[in-house]
Amino acid sequence: MPRPVPELLAPAGSLDAVRAALGNGADAIYLGVERFNARDEGAQLTLDDLEQSCRLAHAYGARIYLTFNILFKPAELYAALHHLGECIDRGIDAAIVQDLGAVRLIQKLYPDLEIHGSTQMTVHDERGARVLRDLGCDRVVLARENTLDDIRAIHRAVPDLVLESFVHGALCIAYSGQCYMSGMISERSANRGSCAQSCRKDYVLADAASHAELDRGYLISARDLGAWEHLADIADAGIHTLKVEGRKKKPEYVATVTHSYRDFLDRLATGDRRPPTPAEVQPLVQIFSRGFTGGMYGGRAGRDYVTRTQPDNRGAVLGVVIGREKNELIVSVSQPIHSGDGLGFEHPEGPVKGNRGFAVRSVRTIGRQKGKVRQAIQPAENIPAGWIVVRSAEAALLAGARESFAAVPSKGEPERTRVDVRAVGAAGEPLTLICKAGDDEVTVKSTTALAPATRHGLDEPRLRAQLGRLGETSFTLGDVDVSGLVQDLFVPVSVLNDLRRQAVQILSGHVERDSRARHEERDRAIAEAIASVAETGVARHAVPAPRVVAEVWRLDDALLAAEAGADEISLDLFLRHPMPPVARVRHLATELQQRGVTLRLRMPTIVRPADRKRVEKWLALGTPLVTGHLGMVAELAAQGRDVVADYAVNVFNQHSAAEVFQLGARRIVLSVELTGDEMAQVAAPWEGRGFEVFVYGRPEGMTIEHCVLSAAFDRKVATCRDLCIQKHPNVELTDPAG
């Protein structure tokens, strides 16, 4: 029995990639246009490309989602919202948004536009999902770290919110929206589309005290996600849309991956829940792969979640080098190599020890034995025997991918405005045409009088034949009414053509005039919306004078900070193991209160459904709180708790601040990625009241589920606490720059 299957959402960084997605069965396509999206170089379509993409997609019954998924600085809001309007004019169906303030502004300015909460919003539990639903998001892209159980819990709690999840492509090692390392190292913010991919570097893991090396390699370079084995369970858990990563990938990649997942989903639609075979997955391995992981759908992954030995595309492992004979390199492979294929050769101990490659100029098959093919290839570079043969590019696969969308046109049919025409006239009078296009109506009259026809008079077919020649205009002929035209009359064809041109010129002028007026009104509305900031309730909670907040994770340090003059202590109990007893923390709160110092517990930014019980005992203490978890901010504030929104909430502009205050936050720690001047602009509507800034110390560079320490010792996360509590309580990752 047929069953509904999730929407298949493909990426596109070019018009050809859009064609590739449509030619291979994508239900929807997401793309970025020129700026204001999370790819600052490459993978950008022009506005003209966008218009063609929307026309093509809609002709194929597909949808277009615009990536509008960065944090906006105050000075950028006007240009960004104007740009969004231009994209709406071209026909987009939805916008993918990260910035909280932008969500509210879009609702005001473009109320009919569907809004999707980006994965950069770090929604990983029902509380975060509920906030976005209440804010007005129609859909949310869940964090890649969510398990199937997490997804089920979110769907049960917020069934009216559409859920989307990634199933294929590159993985960030950190929770999206919670990676600040790129910005810290290179001033290229991942939240602004400028990620320097710090996670793809090689690192050394060492004990901070003894400096003993514990591990080395690409320790935080995640493998690519390939969740084909989980598709049926993902659909059952409540996911509406399956998303493929890859806006910077070539059209051939988009074609291959979209085609594969279309096949997998079509099979699922018939009720066949079997995962694809290795042969069916092979094109995905070949087209681009750092090695695959099923992600965290089945639970937290361990050592195999990262690449360890190389950070980039590897392709398909085929076999080994046997040796050389004259001017040919002899290899034994599991699949035949063909002329034009790209090959890589790796040292048996890993590509770090040696890595070479070339394109195959010629190849001949020597023989087959025990499932292996022995081949001789040229050029015969000096590759030692025993080296691993990897095919990085398969010529036939690429050619087939290109062929799969060759029939998809490069341009879509433009939308045309229907024009209904009523013809009026009698002998000796001018021919009058009354042309109606929507609410607009124009009248044109001939300078030549109607005369009796000697042969064929003007009738509906003859008028339609001439008036319907609208060519490259934006109009199409609708009804032609001749009831007001006396029969058997005549004017020259040239007169009809002239009347048609006059009508088109006038109607086009009206369209341009109305468009100009509409855009001017829209620009005024944008300016007014940005200028209007809801100063919600912060004044009654605002701190009248600057305060010093000291963030610590040891109880003794809390007392030392208080003695040194801190007005408030932010105590992070989740930063190190083991946690102190609840009674000791309660006693500390009392002691600090007696000194006139506030103790504020710092809650985690990530609290997945399974983690909730772990934090409940600390919430029960009743102390003030600080958290970067937006859903927790809203939940605790609704209970009347004193809660501060930490910098991980990513407040980048005054409208985001207004939304967080609206949720009930007493204060906001501004983003660590803003400059001093930008912070002043954000806080200006409140004259700085209710805001904090991080001025000294080490903010969190990444928030990740993967544990580099347990992976170094190939231990399961749930059984490895002896490593971080006893043996290596403090470790460091160092990149090649030190």
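Residues numbered from 1 in each chain as written. Predicted model: local features only at pLDDT ≥ 70, side-chain atom pairs only at ≥ 80, totals over all residues. Heavy atoms only, no water.

### As for the overall build of the protein chain
Filter applied, for reference: Numbering of helices and strands runs from the N terminus; a helix is a DSSP stretch of H or I covering at least four residues, while a strand is a stretch of E covering at least two. Working definition: with a 1.4 Å probe on protein chains only, accessible area under 20% of the residue-type maximum means buried, over 50% means exposed, and in between means partly exposed. The contact rule is simple, with two residues in contact once any of their heavy atoms fall within 4.5 Å. In these tables, accessible area is a Shrake-Rupley quantity obtained with a 1.4 Å probe, and a residue counts as shielded only by the protein chains included in the view. Residues scored as positive are Lys and Arg, those scored as negative are Asp and Glu, and His as well as the terminal groups of each chain are ignored. Working definition for charges: the position is that of NZ of Lys, CZ of Arg, CG of Asp or CD of Glu.
Scanning the protein chain for helices and strands turns up 21 helices and 37 strands. In terms of overall dimensions, the protein chain has C-alpha extents of about 110 × 85 × 50 Å along its principal axes. The buried share of the protein chain, reckoned over its 738 residues, is 53%. Pairs at least 24 residues apart make up 68% of the contacts formed inside the protein chain by residues separated by at least 6 positions. Put simply, the protein chain shows about 32700 Å² of open surface, and 49% of that area lies on carbon and sulfur atoms. Side chains of the protein chain carry 89 positive and 96 negative charges; the gap between the two charge centres is 5 Å.

### Re the pairing of strand 30 (residues 568-571)
Going by this rule: Two strands form a pair only when DSSP identifies at least two bridges running between them. Here the term right-handed applies to a crossover when the path leading from its first strand over the helix to its second strand runs clockwise, the strands being oriented away from the viewer.
Neither face of strand 30 is exposed, since Glu568 and Ser570 on one face and Ile569 and Leu571 on the opposite face are all buried. The pairing of strand 29 (residues 549-552) with strand 30 spans four bridges and is classified as parallel. Bridging across to strand 30, Val552 finds its partner in Leu571. Taken together, strand 29, helix 14 (residues 555-563) and strand 30 form a β-α-β motif whose crossover is right-handed. Where strand 30 lies against strand 31 (residues 598-602), four bridges are found, and the strand directions are parallel. Considered in strand 31, the bridge of Leu571 is made with Leu601. Running through helix 15 (residues 582-594), the crossover from strand 30 to the neighbouring parallel element strand 31 is right-handed.

### Side note on the side chain of Ser182
Short version of the rule: The definition of a polar contact used here is a pair of N or O atoms within 3.5 Å, where within protein one atom must be able to donate a hydrogen and the other to accept one, and adjacent residues in sequence count solely through side-chain atom pairs.
With respect to the helices and strands, Ser182 occurs in helix 7 (residues 181-186). A relative accessible area of 1% places Ser182 in the buried class. Within the structure, Ser182 has its side chain in polar contact with the backbone oxygen of Arg188 (distance 2.4 Å). The residues contacting Ser182, other than those within four sequence positions of it, are Glu187, Arg188, Ser194, Cys195, Ala196 and Ser198.

### Examining the nonpolar core
What counts is decided by this rule: Buried Ala, Val, Leu, Ile, Met, Phe, Trp, Tyr and Cys residues that are joined via side-chain atoms within 4.5 Å together make up what is termed a nonpolar core.
With 190 residues, the main nonpolar core has Leu31, Phe68, Phe345 and Ile569 as its most contacted residues. Among the elements that line this core, the one with the most residues is helix 9 (residues 251-269), at eight residues. Every residue in contact with Phe68, bar those within four places of it in the chain, is listed here: Phe36, Ala80, Leu81, Leu84, Ala95, Ile96, Val97, Gln98 and Ile106. Cys435, Val480, Val491 and Leu496 belong to the second largest nonpolar core, which has 26 residues in total.

### Focus on the side chain of Gln375
As for its position among the elements, Gln375 is in strand 21 (residues 372-378). If near-sequence neighbours (up to four positions away) are discounted, Gln375 is found in contact with Leu329, Ile330, Val331, Val333, Gln335, Pro336, Ile337, Val363, Arg364, Thr365 and Ile366.

### Some thoughts on the sheet that holds strand 21
Condition: The axes used here are C-alpha line fits, helices contributing only the stretch in contact, and every angle between their N-to-C directions lies in the interval 0 to 180 degrees.
Judged by pairing direction, the sheet is antiparallel, and its seven strands sit side by side in the order 19-18-22-16-17-21-20 without closing on themselves. Across the chains shown, the open sheet's two edge strands, defined by having one partner strand only, are strand 19 (355-359) and strand 20 (362-369). Between one strand axis and the next, the sheet turns by 30° as a mean value, whatever way the strands run. As paired elements, strand 17 (residues 328-333) and strand 21 share five bridges and run antiparallel to each other. Across the sheet, Ile330 pairs through a bridge with Ala376, a residue of strand 21.

### Concerning empty space enclosed by the protein
Our working definition: Buriedness of a pocket was judged along seven lines, with at least five required to meet protein on both sides within 12 Å; pockets are open sets of points on a 1 Å grid over the protein atoms alone, cavities are sets where a 1.4 Å probe fits but cannot get out, and lining residues have an atom within 4 Å of a point. Grid points are joined across faces, edges and corners, and a volume is the space filled by probe spheres set on the points.
With the rule as written, the count across this model stands at five cavities of 30 Å³ or more. Empty space within the largest cavity amounts to approximately 240 Å³. Together, 21 residues line the largest cavity, and Met121, Thr122, Leu630, Ala648 and Val649 are the ones closest to its centre. Residue assignment for the lining of the largest cavity shows that the elements contributing at least two residues are helix 5 (126-135) and helix 17 (630-638).

### Focus: the sheet that holds strand 35 (residues 691-692)
Taken in spatial order, the seven strands line up as 29-30-31-32-33-34-35 in an open sheet, and their pairing is parallel. Of all strands in the sheet, those with a lone pairing partner are strand 29 and strand 35, marking the two edges. Here two bridges tie strand 33 (residues 643-645) to strand 34 (residues 667-669), and the two strands are oriented parallel to one another. Residue pairing for strand 34: Ala645 is matched across the bridge by Ile668. Relative to strand 34, helix 18 (residues 654-663) is tilted by about 135°, and along the sheet it contacts strand 33, strand 34 and strand 35.

### A few points about the state of the cysteines
How we decide: Two cysteine sulfurs form what is called a disulfide whenever their separation falls within 2.5 Å.
Taken as a whole, this structure holds zero disulfides when the rule is applied. Considering cysteine sulfurs only, Cys54 is the nearest to Cys87, which forms no disulfide, with 8.4 Å between them. Classification of Cys87 by relative accessible area gives buried; the value is 0%.

### Digging into helix 16 (residues 612-619)
Rule in force here: Arc definition: it is the arc formed by the directions from the helix axis to the C-beta atoms.
Burial in helix 16 covers these residues: Arg612, Val615, Trp618 and Leu619. Seen from one end, helix 16 has its buried residues packed into an arc of 115°, which puts them on one side. Where helix 16 is buried, its residues contact helix 5, helix 15, strand 31, strand 32 (625-627) and helix 17.

### Here we look at unusual backbone geometry
Despite not being glycine, His211 shows a phi value in the positive range, around 65°. Along the chain, His211 falls in the loop between strand 10 (203-207) and strand 11 (213-222). Notably, Lys370 is not glycine yet its phi reads approximately 55°, a positive angle. Residue position: Lys370 is located in the loop between strand 20 and strand 21.

### So, the pattern of salt bridges
Should the charged atoms of two oppositely charged side chains come close, the side chains can pair. We count it as follows: The term salt bridge refers to a side-chain nitrogen of Lys or Arg lying within 4 Å of a carboxyl oxygen of Asp or Glu.
Tallied over the entire structure, the rule returns 61 salt bridges. The partner of Glu659 in a salt bridge is Arg104, with the nearest N and O atoms 3.1 Å apart. Separated by 555 residues along the polypeptide, Glu659 in helix 18 and Arg104 in helix 4 (residues 100-109) bring together distant segments of the chain. Of the residues examined, Glu659 reaches a relative accessible area of 13% and is grouped as buried. Ionic pairing is found between Asp149 and Arg152, a salt bridge with its closest N-O pair at 2.7 Å.

### Focus on a nonpolar patch on the surface
To keep things clear, this is the line we draw: Only residues whose relative accessible area exceeds 30% and that form no salt bridge enter a patch; like-charged residues are grouped when within 9 Å of one another, and nonpolar side chains (Val, Leu, Ile, Met, Phe, Trp, Tyr) when within 5 Å.
A cluster of nonpolar side chains, contributed by Val693, Val695 and Tyr696, occupies part of the molecular surface with about 400 Å² of accessible area. Looking at the secondary structure, you find Tyr696 in the loop between strand 35 and strand 36 (702-704). Residue Tyr696 is classed as exposed on the basis of its relative accessible area of 77%.

### With respect to the packing of aromatic side chains
Counted only if it meets this: Geometry of aromatic contacts follows a simple scheme: Phe, Tyr and Trp rings, the Trp one being its six-membered ring, pair when their centres are within 6.5 Å, and the pair is stacked under 30 degrees between planes, edge-to-face over 60, tilted otherwise. Any Lys NZ or Arg CZ that is within 6 Å of a ring centre and within 35 degrees of that ring's normal is treated as a charge sitting over the ring.
For the structure shown, the criterion picks out eleven aromatic pairs. The interplanar angle of 70° and the centroid separation of 5.4 Å between the aromatic rings of Tyr261 and Phe264 together place this pair among those described as edge-to-face. One end of the pair, Tyr261, and the other, Phe264, are both in helix 9, three residues apart, so they sit about a helical turn from each other. The same class applies to Tyr261 and to Phe264, which are both buried. A cation over a ring is seen here: Lys243 above Tyr30, with NZ or CZ 4.4 Å from the ring centre. Note that Arg554 overlies the ring of Trp553, its terminal NZ or CZ placed 4.9 Å from the centroid.

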